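Below are the chains, spelled out letter by letter.
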Amino acid sequence: MAAKSYDNPELNKKLADQRYHISQSNPQFTKDVIKTSRTIANMCYQCGTCTGSCPSAPRSTYRIRLFMRRNVLGLENEALTDPDLWLCTTCYSCTDRCPRDIAPTDVIMAMRNLAFKKDIVPRNFLQTVQLIYNSGHGVPNNDVNRAARKRLGLTADPPTTHMYPEYIKGIQKILDHFGLKENADRIIKGE
Amino acid sequence: MHEYAFFLGCIAPNRYPGCEASSIKTSEKVGIKLLPLEGASCCPAPGAFGSIDLTVWYAMAARNLVLAEQMKKDIALICNGCYKSIWEVNHILKHNDELRSQVNEVLKEIDMEYKGTIDVFHLAELYYDPKICGIQKIRDSVTTPMTGAKVACHYGCHLMKPQKDRHFGDTENPMWFEELVAAVGAEPVQYRNKMQCCGAGGGVRGYDIVHALDITNEKLINISEVGADAITELCPFCQLQFDRGQIEIKEKFGDVYNIPVLHFNELLGLAQGMSPQDLALDLHAVDCTPFLQKVL
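**Student:** Mind showing me how you'd approach the domain arrangement of chain B here?
**Tutor:** Often, the extent of an interface is quoted as the loss of accessible area upon association of its parts. Residue and element names in this part refer to chain B. According to the domain assignment, chain B consists of domain 1 (2-123) and domain 2 (143-295). Spacing between the C-alpha centres of domain 1 and domain 2 amounts to 24 Å. Counting residues at the interface gives 28 residues for domain 1 and 31 residues for domain 2. With both chains or domains summed, domain 1 and domain 2 bury close to 2300 Å², and 64% of this area falls on carbon and sulfur atoms. Sorting the residues of domain 1 by area buried against domain 2 places Tyr 16, Thr 26 and Asn 80 first, and these three jointly supply 28% of that buried surface. Inspection of the region where domain 1 meets domain 2 yields one salt bridge. The salt bridge involving Arg 166 is made with Glu 88; its shortest N-O contact spans 3.0 Å. Inspection of the domain 1/domain 2 interface yields nine residue pairs in polar contact (both at pLDDT 80 or more). Contributing elements (two or more residues each) for the side of domain 1 that touches domain 2: α1 (11-14), α2 (17-29) and α4 (80-95). With nine residues, α2 is the single largest residue contributor to the side of domain 1 that touches domain 2.

So, in C-alpha cells, the structure goes:
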C-alpha cells in the first residue's frame, strides 16, 4: 500500500513517525471519548476485527483499529487531524463483530464531535446544519419534486416544516441554544 | 386499523415522493393508517448531523418525538437513517435520566417536554409483525404478483445494527426481508456480502463521493453477478446512493449496470396494482422500464 501523504508536511511527518511520544498523549482525550461515545473504548485489545469488517478500509488508508489505539494512548492531535476520521460510513459492522463488546463506530462519532469543538470539520457537515436551520430539512424540496408530488395526489410540500414553517422557529431556538449555526457560519466563513 | 404518526424524513418526500405515496396507499390495504406528523423536520441525519454534535442531535430528534407524543400515536417511518435517529434517541432517552433532563431543559425553551410515551417502528417491521400485519396479509393484498423477477434485497445498516441495541436478531445473514419480497411474488436472490453498507452513510457521500461510490460499486458488482432484475431496499438514502450512484459510477468509473432500484413500498405498490405513474418511477435516475416490462 502506498504511504499516506497529505498536503500538510507536519502531519506527514507525524504519520511517518511510528514511535509513541508521551508528550503527545492527553489522558483527558481518552476520558472525553469514553464519555461522549458511551462505550468502553479503553478495553480494546487491538485484534483488528473492526478493520477487517470495515467497508472503507479496503479502499483507503482509514484504519478503525488505529483510531481505537490512538484513543487508548490519548493521541488527541493525531486522531483529530487525520482526514481519514471522516471516512467512516457508520455502518456498525465493526460494532456488531467486536469481541470486546465495544462500539468502535461510536468512538469515531465521539472523535468527530471532539474535532468539531476544535473547528476541524469538513464543509459538507456544516452545510447540513445550515440547511436544517433554514428549512428544517437536510435535503429540502425543489420545484421538479413539487410538480411530481402534485401529480401523485400529494401536497406540493410535505406536511413537515415545509408546509408548516411556523415550526422552524423552534428548531432554530434549539440550534441557537448550542450556538451550532453560529459556529458553522463562522467556520465556513473562515475557510 | 392500526394508526401511526408517519415520520417522513427528507429524501422520501423531497426526492422520491413515490416512496411516500406508496407507503400511505400500501399500508392502508393491510390495515395500517399513516397520519401526517405535522411540523416534523429532518430526523436529523445521524451521520452528517450526529458527527458534529450528538447533544444537539438528541435534542432535535426529541423534538420530532414530542410532536408524535402530542398526537398520542406511535411513529412509523420508512427510512433506516430516520430509524437510527428517531428510534435510537427514543430508546436512549427512555433509559438515561441524566440525558433526558438535559434534553428537556433545551426543549423547555420551545414549550415542549419529552415524556417517553411512544414507540418507533420501521414500516417494514410492522409489515413483518404478525400481530400488526404479517406476511400472509401482504400476500393476500397482492393483485399483480411480481412473478419472474429476481430481486436483490439490501437491508441497509441503521435499521438492524448495532445488533445488541436492536431487536432484529442476526445481522450477518438475516432473511426476513426476503420473506417480504417473496410475499409480493418476486424471487429474492442471494448475493455476496449482502449486509455491506451502500457507502453513503456517515456523511461520506458528501465528504468523498468517489470513496462512497467505490463501496456502492462493489455492491453493484455482487448484485449484477447473480443476475438481479432490481434492487429493493428499506431506506431512501440507500435508494439515492444506488439509483443516482449508478449514473455517477458510469461517469466516474465507466461501469454500467442499469439495475432499477425500488423502495420496498414501491415494489409492494406495483404488486398491489399501483401504476408506475402513481409511483413517479420516472423520477428514478435508472430507467425502470425493463423491470416493469418483465413484471406487469
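**Student:** I tried to follow the packing of helix α4 (residues 64-73) of chain A against helix α7 (residues 104-117) of chain A on my own but got confused; where do I start?
**Tutor:** Helix-helix packing is described using two parameters, namely the angle between the two axes and the distance between the axes. Residues and elements named next belong to chain A. Running from amino to carboxyl end, α4 crosses α7 at an angle of 65°, the nearest separation of the two axes being 10 Å. Judged by the twist between their axes, the crossing of α4 over α7 is left-handed. Across the interface between the two elements, Ile 64, Phe 67, Met 68 and Asn 71 of α4 pack against Pro 104, Val 107, Ile 108 and Met 111 of α7. Partitioning the contact of α4 with α7 into residue classes produces seven nonpolar, one polar and no charged.

**Student:** So what exactly am I meant to see when it comes to the nonpolar core here?
**Tutor:** For soluble globular proteins, nonpolar side chains are generally found buried alongside one another. All names here are of chain B. Judged by nonpolar contacts, the single largest core of 151 residues is most densely connected at Ile 32, Ile 75, Tyr 127, Trp 176, Val 184, Phe 264 and Phe 291. The leading source of residues in this core is helix α3 (residues 54-71), at twelve residues. Excluding residues within four positions of it along the chain, Trp 176 makes contact with Ala 124, Tyr 128, Tyr 155, Leu 159, Met 160, Phe 168 and Leu 234.

**Student:** Explain the sheet that holds strand β3 (residues 75-77) of chain B here, please?
**Tutor:** Whenever strands of a sheet pair, they do so through backbone hydrogen bonds, lying parallel or antiparallel. Residues and elements named next belong to chain B. In spatial order, the strands read β2-β1-β3-β4; together these four strands make up an open sheet with parallel pairing. Strands at the two margins of the open sheet, each flanked by one partner only, are β2 (32-36) and β4 (120-122). Between one strand axis and the next, the sheet turns by 40° as a mean value, whatever way the strands run. Bridge analysis of β3 against β4 gives three bridges, and the strand direction is parallel.

**Student:** Whenever I open this one, the side chain of Ser 60 of chain A confuses me. Can you help?
**Tutor:** All names here are of chain A. Considering the arrangement of structural elements, one finds Ser 60 in the loop between α3 (49-53) and α4. With relative accessibility at 15%, the residue Ser 60 sits in the buried group. Within the local environment of Ser 60, its side chain forms a polar contact with the backbone nitrogen of Tyr 62, the two atoms lying 3.0 Å apart.

**Student:** Please clarify how unusual backbone geometry should be interpreted in this entry.
**Tutor:** Keep in mind that most residues, glycine aside, have a negative phi and that most peptide bonds are trans. All names here are of chain B. Geometrically, the link from Cys 43 to Pro 44 is a cis peptide bond, its omega value of -5° lying close to zero. Cis peptide bonds are those with omega within 30 degrees of zero, and the linkage from Lys 161 to Pro 162 qualifies with -5°. Mapped onto the elements, Pro 162 comes out in the loop between β5 (150-154) and α8 (176-183). With phi around 60°, Lys 72 is a residue other than glycine that occupies positive phi space. Relative to the helices and strands, Lys 72 resides in the loop between α3 and β3. On the basis of relative accessible area, Lys 72 is assigned to the exposed category, the value being 71%. One non-glycine residue, Asp 111, lies in positive phi territory at about 55°. Its location among the elements puts Asp 111 in the loop between α5 (97-108) and β4.

**Student:** I tried to follow the packing of aromatic side chains on my own but got confused; where do I start?
**Tutor:** The relation between two aromatic rings is expressed through the spacing of the ring centres and the mutual angle of the planes. All told, the structure shown has 14 aromatic pairs over all chains when counted by the stated rule. Aromatic pair Tyr 128 of chain B and Trp 176 of chain B: ring centres 5.9 Å apart, planes at 55°, arrangement tilted. Taken together, the residues span a long stretch of sequence, with Tyr 128 of chain B in helix α6 (residues 123-128) and Trp 176 of chain B in helix α8 at a distance of 48 residues. Overall, the relative accessible area of 8% leaves Trp 176 of chain B in the buried class. Put simply, the rings of Tyr 83, Trp 87, Tyr 127, Tyr 128, Tyr 155, Phe 168, Trp 176, Phe 177 and Phe 264 of chain B pair up and form one aromatic cluster. Residue placement shows Arg 70 of chain A over the ring face of Phe 67 of chain A; its charged tip is 4.9 Å from the ring centre. The cationic tip of Lys 181 of chain A hangs over the ring face of Tyr 133 of chain A; the distance from NZ or CZ to the ring centre is 4.6 Å.

**Student:** Mind showing me how you'd approach the domain arrangement of chain A here?
**Tutor:** When cut into domains, chain A gives domain 1 (24-117) and domain 2 (123-190). Here the C-alpha centroids of domain 1 of chain A and domain 2 of chain A sit 30 Å apart.

**Student:** Explain the pattern of salt bridges here, please?
**Tutor:** For the structure on display, the rule yields 22 salt bridges over all chains. Two residues, Arg 59 of chain A and Glu 218 of chain B, come together in a salt bridge whose shortest N-O distance is 2.5 Å. Residue Arg 59 of chain A is found in the loop between α3 and α4, and its partner Glu 218 of chain B is found in helix α10 (residues 209-225); the two belong to separate chains. For the salt bridge of Lys 33 of chain B with Glu 28 of chain B, the shortest nitrogen-to-oxygen distance reads 3.7 Å. Here Glu 28 of chain B falls in the partly exposed class, since its relative accessible area comes to 38%. Taken together, the shared-partner salt bridges in this structure form one network comprising Arg 59 of chain A together with Asp 214 and Glu 218 of chain B.

**Student:** Looking at this structure, I do not really get α10 of chain B. What am I missing?
**Tutor:** Side chains that are three or four residues apart share a direction in an α-helix, a result of its 3.6 residues per turn. Residue and element names in this part refer to chain B. The terminal C-alpha atoms of α10, which comprises 17 residues, lie 24 Å apart, in line with the 24 Å expected from a rise of 1.5 Å per residue. Along its buried surface, α10 packs onto β5, α9 (204-207), β7 (230-233) and α11 (236-253). The positive-phi residue at the C-terminal boundary of α10 is Gly 227, with phi of around 70°.

Quick notes on the rules
- Residues numbered from 1 in each chain as written.
- Chains lettered and ligands numbered in written order.
- Predicted model: local features only at pLDDT ≥ 70, side-chain atom pairs only at ≥ 80, totals over all residues.
- Heavy atoms only, no water.
- Domains from an automatic or database assignment.
- Contact = heavy atoms within 4.5 Å.
- Buried area = accessible area lost by both parts, 1.4 Å probe.
- Salt bridge = Lys/Arg side-chain N within 4 Å of Asp/Glu carboxyl O.
- Polar contact = N/O pair within 3.5 Å; in protein donor to acceptor, adjacent residues only side chain to side chain.
- Helix = DSSP H or I, 4+ residues; strand = E, 2+ residues; numbered from the N terminus.
- Axes fitted to C-alpha atoms, helices over the stretch in contact; angles between N-to-C directions.
- Left-handed = near helix turned anticlockwise from the far one by under 90°.
- Nonpolar A, V, L, I, M, F, W, Y, C, P; charged D, E, K, R; others polar.
- Core = buried A, V, L, I, M, F, W, Y, C linked by side-chain atoms within 4.5 Å.
- Buried < 20%, exposed > 50% of the residue type's maximum accessible area, 1.4 Å probe, protein only.
- Pairing = 2+ DSSP bridges.
- Phe/Tyr/Trp six-rings, centres within 6.5 Å; stacked < 30°, edge-to-face > 60°.
- Lys NZ or Arg CZ within 6 Å of the ring centre and 35° of its normal.
- Expected span 1.5 Å × (residues − 1).

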